[in-house]
Amino acid sequence: NNTISENIISTQNSNGIYFRDFSKNNLIINNSIFENNGSGVYFHRENPFNKIVNNTITNNNEYGIYILNSDSNTIENNLIQFNVESGTYLRDTNLTSIINNTLISNSDDGIVLWYSHYNQINNNTLENNSNHGILISDSSSNIIYKNKLL
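Residues numbered from 1 in each chain as written. Predicted model: local features only at pLDDT ≥ 70, side-chain atom pairs only at ≥ 80, totals over all residues. Heavy atoms only, no water.

Trainee: Help me understand the environment of Lys24, please; the structure alone is not making it clear to me.
Mentor: With respect to the helices and strands, Lys24 occurs in the loop between β3 (17-20) and β4 (27-29). Accessibility expressed as a relative area gives 47% for Lys24, which makes it partly exposed. Separated by 22 residues in the primary sequence, Lys24 and Glu46 have C-alpha atoms spaced 8.3 Å apart. Ignoring anything within four residues of it in the chain, the contact list for Lys24 reads Asn1, Pro48 and Asn50. (Helix = DSSP H or I, 4+ residues; strand = E, 2+ residues; numbered from the N terminus. Buried < 20%, exposed > 50% of the residue type's maximum accessible area, 1.4 Å probe, protein only. Contact = heavy atoms within 4.5 Å.)

Trainee: Looking at this structure, how should I read the packing of aromatic side chains?
Mentor: Pairs of aromatic rings are described using the distance from one ring centre to the other and the angle between the two planes. Applying the stated rule across the entire model yields seven aromatic pairs. Look at Phe19 and Phe43: their rings are 5.3 Å apart centre to centre, the planes differ by 80°, and that puts the pair in the edge-to-face class. Taken together, the positions of Phe19 in strand β3 and Phe43 in strand β6 (residues 41-44) put the pair 24 residues apart, joining distant regions of the chain. Across the pair, exposure class does not vary: Phe19 and Phe43 are buried alike. Of the aromatic side chains, those joined through ring pairs into one cluster are Tyr18, Tyr42, Tyr63, Tyr66 and Tyr89. (Phe/Tyr/Trp six-rings, centres within 6.5 Å; stacked < 30°, edge-to-face > 60°.)

Trainee: What exactly am I supposed to notice about the pairing of strand β9 (residues 65-68) here?
Mentor: The side chains of a regular strand alternate between both faces of the sheet. A two-sided burial pattern is seen for β9, the buried positions comprising Ile65 and Ile67 on one face and Tyr66 and Leu68 on the other. Pairing geometry for β6 and β9, over four bridges, is parallel. Its bridge partner lying in β9, Tyr42 is registered against Tyr66. Of the pairings in the sheet, the one linking β9 to strand β12 (residues 88-91) comprises four bridges and is parallel in character. Residue pairing across strands places Tyr66 opposite Tyr89, the latter belonging to β12. (Pairing = 2+ DSSP bridges.)

Trainee: For this particular structure, what's the right way to read the sheet that holds strand β2 (residues 8-10)?
Mentor: Spatially, β2-β5-β8-β11-β14-β17-β20 is the arrangement adopted by the seven strands of the open sheet, whose pairing is parallel. Of all strands in the sheet, those with a lone pairing partner are β2 and β20 (148-149), marking the two edges. Both strand β11 (residues 79-81) and strand β14 (residues 102-104) contribute to a ladder of three bridges, which runs parallel. Within β14, the residue paired with Leu79 across the bridge is Thr102.

Trainee: How should unusual backbone geometry be read in this particular structure?
Mentor: Across residues other than glycine, the phi torsion is negative in most instances, and most of the peptide bonds are trans. Positive phi values are uncommon outside glycine, yet Phe22 reaches one of about 70°. On the secondary structure map, Phe22 appears in the loop between β3 and β4. Judged by its relative accessible area of 66%, Phe22 is exposed. For Ser141, which is not glycine, the phi torsion reads 60° and is therefore positive. Relative to the helices and strands, Ser141 resides in the loop between β18 (134-137) and β19 (143-145).

That's the geometry; what it means functionally is another story.
Here you go:
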C-alpha cells in the first residue's frame, strides 16, 4: 500500500520505478518519469492491484511500462512517448485495464500483449509508434475497443 506521487524520476541507472515480488495495492500518480536507463515503470512477478494514473512516462531506454506476471492492474490517463522499446508491454499478465492513455512515437509498438489474457484496452490514442499500434501474441479473451490508432 504505497503511494508514489508528484515526483520527478529521471536518469536512474536502471528502471525509474521498480516493484518486485508481491507488492500490491500501490498507486503511482502524477509523476514525471523520464530518461531512465531501464523502463519507466517495471512490475516484476506477482504485483497485483496497482494503479498507474496520470503520469508522463517518456524517453526511457527500454519500455514506458513493463508488467511481467502481475495481474489485475490499471494503467489509466498516462502520456507514454518516445521510449526506446514499446510504450506498454504486458507479458504473462491477465485482468489488467489499459484505459484513456496516449502512446506516441515509441520506437517499437504502442501496446503489446504477450501470453496475456482477459485484459481490457479501451479509449487509448496510439500514434506514430514505429511498428504496431497494438501487438497481440499468444493471447486470448482480451477486449479491445474504442481506441484510435493513427
